[in-house]
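The chain contents come next:
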Amino acid sequence: MRQKTKFIFITGGVLSSLGKGLTSASLAALLKAKGLSVSMQKLDPYLNLDPGTMNPRQHGEVFVTDDGAETDMDLGHYERYLGTPMTRRSSFTAGRIYSQVLAKERRGDYLGGTVQVIPHVTDEVKEAILSMSSHDLDVVLVEVGGTVGDIEGQPFLEALRQLKGEMGKNRCLFLHLTLVPYLSTTGEPKTKPTQHSVKELRSIGIQPDIIVCRSSRPISQDSKTKIALFCDVSKDAVFTAMDVENIYELPIKLHEQGLERKVSSLLRLGRREPDIAPWVDLVKRQASLTESVSIAIVGKYVELIEAYKSLHEALTHGGLAHNARIDFNYINAEDLKSSNLEKYLGQAQGILVPGGFGPRGIEGMILAVGYARRKKTPYFGICLGMQCAVIEFSRHQAGLTKADSEEFKPKSHHRVIFRMTGWYDPNTGLRAQRNPDDDLGGSMRLGSYPCRLTPGTKAREAYGVDLVHERHRHRFEFNPDYINILTKHGLVISGQMPESPLENPDMPSPKLVEVVELANHPWFLGCQFHPEFKSSPMRPHPLFKAFIGAALKNTHAEEKKEPKEPRESKGGKKA
Ligand code: GLN
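A short tour of the structure in this document, coming up. Since we're looking at a predicted model, the values are computed, not measured.

What follows deals with the overall build of the chain. When helices and strands are tallied, the chain shows 19 helices and 25 strands. Taking 575 residues into account, the globule formula puts the C-alpha radius of gyration at 25 Å, and the chain, at 26 Å, falls close to it. Dimensions of the chain along its principal axes, counting C-alpha atoms only, are 80 × 75 × 45 Å. Within the chain, counting contacts between residues at least 6 apart in sequence, those at least 24 apart form 74% of the total. Counting only carbon and sulfur atoms, one obtains 51% of the accessible surface of the chain, whose full area is about 25,400 Å².

Written as structure tokens, this is what we have:
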């Protein structure tokens with residue numbers, strides 16, 4: 001019989017952005033490679049209900065789960081390293097915790113008591129953590145966002161402190177990630193910030209069991225011994241998370257130092273060695289890529305590449321499937337004009353327009369679509385990129401010169417992309433309603449929906465199956481009133497949400513359009529969903545694999561990139 005689910009609580013100190021998410025995901029991957037069943041959870045101390053309304057230029061990508069939660073981008077790392085889908089329970093913000101507490105207060109659940117951080121908020125946090133526990137899970141890694149000492153993080157840490165006492169020995173452990181900087185003047189590693197950070201943690205009543213030090217260089221045994229002594233952990237419980245060139249090396253580096261062995265002995269998780277061969281193989285393949293392919297990404301959040309994290313990774317995975325390195329060229333859509341398209345896009349072997357919200361940069365994206373269509377450059381449009389493709393096609397191939405999206409021109413004469421207020425939801429068997437008055441979170445189609453692919457299309461060919469499930473995050477849709485006119489002019493509808501079942505004959509089924517493509521083009525595809533969320537290094541997503549495959553064949557752009565040496569004339573001189 002399985003034991004109760006065990007927990008690893010991961011906190012961070014000194015600085016943010018030390019790679020806590022990657023370290024957590026790497027450790028999770030190692031435990032999974034031991035044959036354990038593992039899941040993960042992220043607790044974010046900020047007060048937004050979820051990151052859905054946060055600007056990607058500030059906070060990075062919003063990741064979406066199958067069950068439609070808008071979450072922190074760390075969940076993307078978790079899925080890519082673990083290969084298992086996360087759920088709504090895998091992501092809690094302080095805002096969500098507080099709103100649950102306040103809802104209970106309004107319902108009278110607290111029986112007239114004064115509502116306080118301890119015990120009401122901390123109980124809610126504990127409930128959120130324990131909701132992850134399940135009879136078929138061996139371990140859950142819980143990462144607390146932010147750094148120790150942040151005001152907002154206090155209730156989370158207090159909840160963890162209480163859980164430690166309630167769970168008892170061998171059922172949970174604390175891993176603390178800190179920074180060990182090097183001073184160039186003395187060439188020494190400095191352990192003081194780590195000591196201070198652990199002191200801060202201990203002042204809340206949490207003693208770390210394991211310390212992982214982020215560092216640009218290997219940390220000597222002397223320094224590790226010093227950290228162990230000052231921070232009161234055993235000498236074999238101090239590890240280094242070295243800067244790595246390739247993030248998928250991290251599980252191997254941590255394994256080499258025995259991190260999962262230490263965790264396993266503290267939590268009694270068995271002595272079985274993890275099978276890290278797939279990770280070694282992956283890193284080896286990444287180090288020996290023989291080709292390269294240049295991809296232009298025309299987006300609106302390009303100042304912060306983190307805003308496109310899953311997309312960036314998915315392109316890398318697609319390249320890996322063809323033994324090719326991606327030369328990324330992120331282009332700000334606002335910089336594009338008809339006069340400079342050749343300069344910006346002429347050398348791209350593939351052009352991608354990713355997701356986004358709001359009118360800024362749209363006309364630049366539409367120009368990029370038109371360029372890809374005319375020059376036969378492989379094109380991949382994702383969500384907003386698909387909508388731009390539909391607008392461009394309507395304006396320049398179907399004679400609807402004023403075609404637009406309701407999002408950008410609400411009064412446009414031809415709203416080829418529009419806000420659909422209701423549709424049949426095959427997930428629930430019910431009619432789903434999108435209310436124009438809903439708040440920002442409530443008005444979107446979120447999470448996984450089925451999509452039936454049209455035989456004989458590029459999409460069907462790429463996937464190799466008829467029915468797929470992909471994740472959505474958008475308010476606007478392809479307007480079904482335009483299906484006829486656009487297909488008559490050559491647009492191919494290659495994926496649609498399945499119709500309503502026969503049990504509901506009265507239910508109007510608008511057959512939402514999910515994928516469009518062009519027939520007379522090497523590879524031109526737009527999808528309403530976000531395939532990047534489901535790509536992982538071990539299983540590159542079929543659409544990214546197909547897009548990169550097509551881009552690699554686009555030697556036309558390649559030739560422009562490196563003008564070939566003039567050939568010797570073959571004119572029989574040797575004769
Ligand atoms: N802004 C568009 C919509 O809401 C596209 C969204 C996206 O690209 N994720 O429909």
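So much for the structure itself; the text now carries on.
Below, the discussion takes up the nonpolar core. Ranked by internal contacts, the top residues of the largest apolar core, which has 56 residues, are Ile8, Leu31, Leu141, Ile210, Leu259 and Val263. At seven residues, the largest contribution of residues to this core is made by helix 1 (residues 20-33). The residues contacting Ile8, other than those within four sequence positions of it, are Leu27, Leu31, Val139, Val140, Leu141, Val142, Leu173, Val263 and Leu267. Counting 42 residues, the second largest nonpolar core, distinct from the first, contains Ala296, Ala333, Tyr371 and Met386.

The next subject is the side chain of Glu124. Within the element layout of this structure, Glu124 appears in helix 5 (residues 117-130). Glu124 gets classed as buried once you look at its relative accessible area, which sits at 4%. With residues near it in sequence (within four places) discarded, Glu124 still touches Ile97, Gln100, Val101, Lys104 and Tyr110.

Taken together, Gly355, Gly356, Phe357, Cys383, Leu384, Gln387, Glu407, Arg473, His474, Arg475, Phe476 and His530 make up the full set of residues near the ligand. In this structure, Glu407 approaches the ligand through a side-chain N or O atom, which is 2.7 Å from a nitrogen atom. Measuring from an oxygen atom of the ligand, one finds a backbone N or O atom of Arg475 at 2.9 Å. Here the ligand, which alone exposes 300 Å², has 99% of that area covered by the protein. Broken down by secondary-structure element, the contributors of at least two residues to the shell around the ligand are helix 15 (384-397) and strand 21 (467-474). For the shell around the ligand, a count of residues per class yields four nonpolar, five polar and three charged.

Our next topic: the sheet that holds strand 6 (residues 139-144). Read from one edge of the open sheet, seven strands run 5-2-6-1-7-10-11, paired in parallel fashion. Looking at the sheet topology across the chains shown, the edges are occupied by strand 5 (91-93) and strand 11 (238-242). Ignoring strand direction, the axes of neighbouring strands in this sheet form an average angle of 20 degrees. As defined by bridge partners, strand 2 (residues 38-44) adjoins strand 5 across three bridges and the pair is classed as parallel.

This paragraph deals with the layout of surface pockets. By rolling a water-sized probe across the atoms, one finds the places where empty space is left. The calculated volume of the largest pocket comes to roughly 900 Å³. Every element with two or more residues in the lining of the largest pocket is listed here: helix 1, strand 2, helix 2 (56-59), helix 3 (74-82) and strand 11. Examining the composition of the lining of the largest pocket, we find that four residues originate from one element, helix 1, more than from any other. By residue class, the composition of the lining of the largest pocket is 13 nonpolar, 14 polar and 13 charged. Together, 29 residues line the second largest pocket, and Pro56, Tyr301, Gly356, Phe357 and Arg473 are the ones closest to its centre. When grouped by side-chain class, the residues that make up the lining of the second largest pocket number 14 nonpolar, seven polar and eight charged.

Below, the discussion takes up empty space enclosed by the protein. Applying the stated criterion across every chain, the model contains four cavities of 30 Å³ or more. Empty space within the largest cavity amounts to approximately 70 Å³. If you trace the largest cavity, you find it lined by Thr11, Gly12, Pro45, Val144, Gly145, Gly146, Thr147, Val148, Asp150, Gly153 and Leu157. The class makeup of the residues in the lining of the largest cavity is four nonpolar, six polar and one charged.

A word on the pattern of salt bridges. With the rule as written, the count across this model stands at 33 salt bridges. Lys262 is the partner of Asp236 in a salt bridge, and the nearest nitrogen-oxygen pair spans 3.0 Å. With Asp236 in the loop between helix 8 (221-231) and strand 11 and Lys262 in helix 10 (residues 259-267), the pair connects residues that are 26 residues apart, well separated along the chain. What makes Asp236 partly exposed here is its relative accessible area of 47%. Among the ionic pairs, Glu313 bridges to Lys309, the shortest N-O distance being 4.0 Å. Pair noted here: Glu313 and Lys309 are both in helix 12 (residues 309-320), with a separation of four residues, about one helical turn. Exposure remark for Lys309: the relative accessible area of 16% places this residue in the buried category. Linked through salt bridges whose partners overlap, the residues forming this network are Lys42, Asp44, Asp72 and Asp74.

Quick look at the state of the cysteines now. Summed over the entire model, instances satisfying the criterion amount to zero disulfides. No disulfide involves Cys172; its nearest neighbouring cysteine sulfur is the one of Cys231, lying 19 Å away. Counting only cysteine sulfurs, Cys383 is the nearest neighbor of Cys388, a cysteine outside any disulfide, at a range of 10 Å.

Further remarks concern the sheet that holds strand 17 (residues 414-419). Read across the sheet, three strands follow the order 16-17-22 without closing on themselves; strand pairing throughout is mixed. Edge positions in the open sheet fall to strand 16 (403-405) and strand 22 (476-478), since each of these has one partner strand only. With direction set aside, neighbouring strand axes in the sheet form an average angle of 30 degrees. By the bridge criterion, three bridges tie strand 17 to strand 22 in an arrangement that is antiparallel. Considered in strand 22, the bridge of Arg419 is made with Phe476.

Attention now moves to the packing of aromatic side chains. Applying the stated rule across the entire model yields 14 aromatic pairs. Judged by centre distance (5.0 Å) and plane angle (70 degrees), the ring pair of Phe63 and Phe533 falls under edge-to-face. Linking Phe63 in strand 3 (residues 63-64) with Phe533 in the loop between strand 25 (524-527) and helix 18 (542-553), this pair joins segments that are 470 residues apart in sequence. By the burial criterion, Phe63 is buried, and Phe533 matches it. Where Tyr81 meets Tyr248, the ring centres are 5.3 Å apart and the plane angle is 40 degrees; that geometry is what we call tilted. Residue Tyr81 is located in helix 3, and its partner Tyr248 is located in the loop between strand 11 and helix 9 (250-256); the two are separated by 167 residues in the primary sequence. Residue Tyr81 is classed as buried on the basis of its relative accessible area, which comes to 4%. The class of Tyr248 is buried, set by a relative accessible area of 2%. Its end group placed over the ring of Phe92, Arg96 keeps NZ or CZ at 3.9 Å from the ring centre. We note Arg445 situated over the ring of Tyr449; from NZ or CZ to the ring centre the distance is 4.9 Å.

Parameters and conventions
Residues numbered from 1 in each chain as written. Predicted model: local features only at pLDDT ≥ 70, side-chain atom pairs only at ≥ 80, totals over all residues. Heavy atoms only, no water. Helix = DSSP H or I, 4+ residues; strand = E, 2+ residues; numbered from the N terminus. Rg over C-alpha atoms; globule rule 2.2 N^0.38 Å. Contact = heavy atoms within 4.5 Å. Areas by Shrake-Rupley, 256 points an atom, 1.4 Å probe, with all protein chains shown as cover. Core = buried A, V, L, I, M, F, W, Y, C linked by side-chain atoms within 4.5 Å. Buried < 20%, exposed > 50% of the residue type's maximum accessible area, 1.4 Å probe, protein only. Near = heavy atom within 4 Å. Polar contact = N/O pair within 3.5 Å; in protein donor to acceptor, adjacent residues only side chain to side chain. Nonpolar A, V, L, I, M, F, W, Y, C, P; charged D, E, K, R; others polar. Pairing = 2+ DSSP bridges. Axes fitted to C-alpha atoms, helices over the stretch in contact; angles between N-to-C directions. 1 Å grid on protein atoms, 1.4 Å probe; cavity = no way out; pocket = protein on both sides within 12 Å on 5 of 7 lines; lining within 4 Å. Points joined across faces, edges and corners; volume = space filled by probe spheres on them. Salt bridge = Lys/Arg side-chain N within 4 Å of Asp/Glu carboxyl O. Disulfide = S-S within 2.5 Å. Phe/Tyr/Trp six-rings, centres within 6.5 Å; stacked < 30°, edge-to-face > 60°. Lys NZ or Arg CZ within 6 Å of the ring centre and 35° of its normal.

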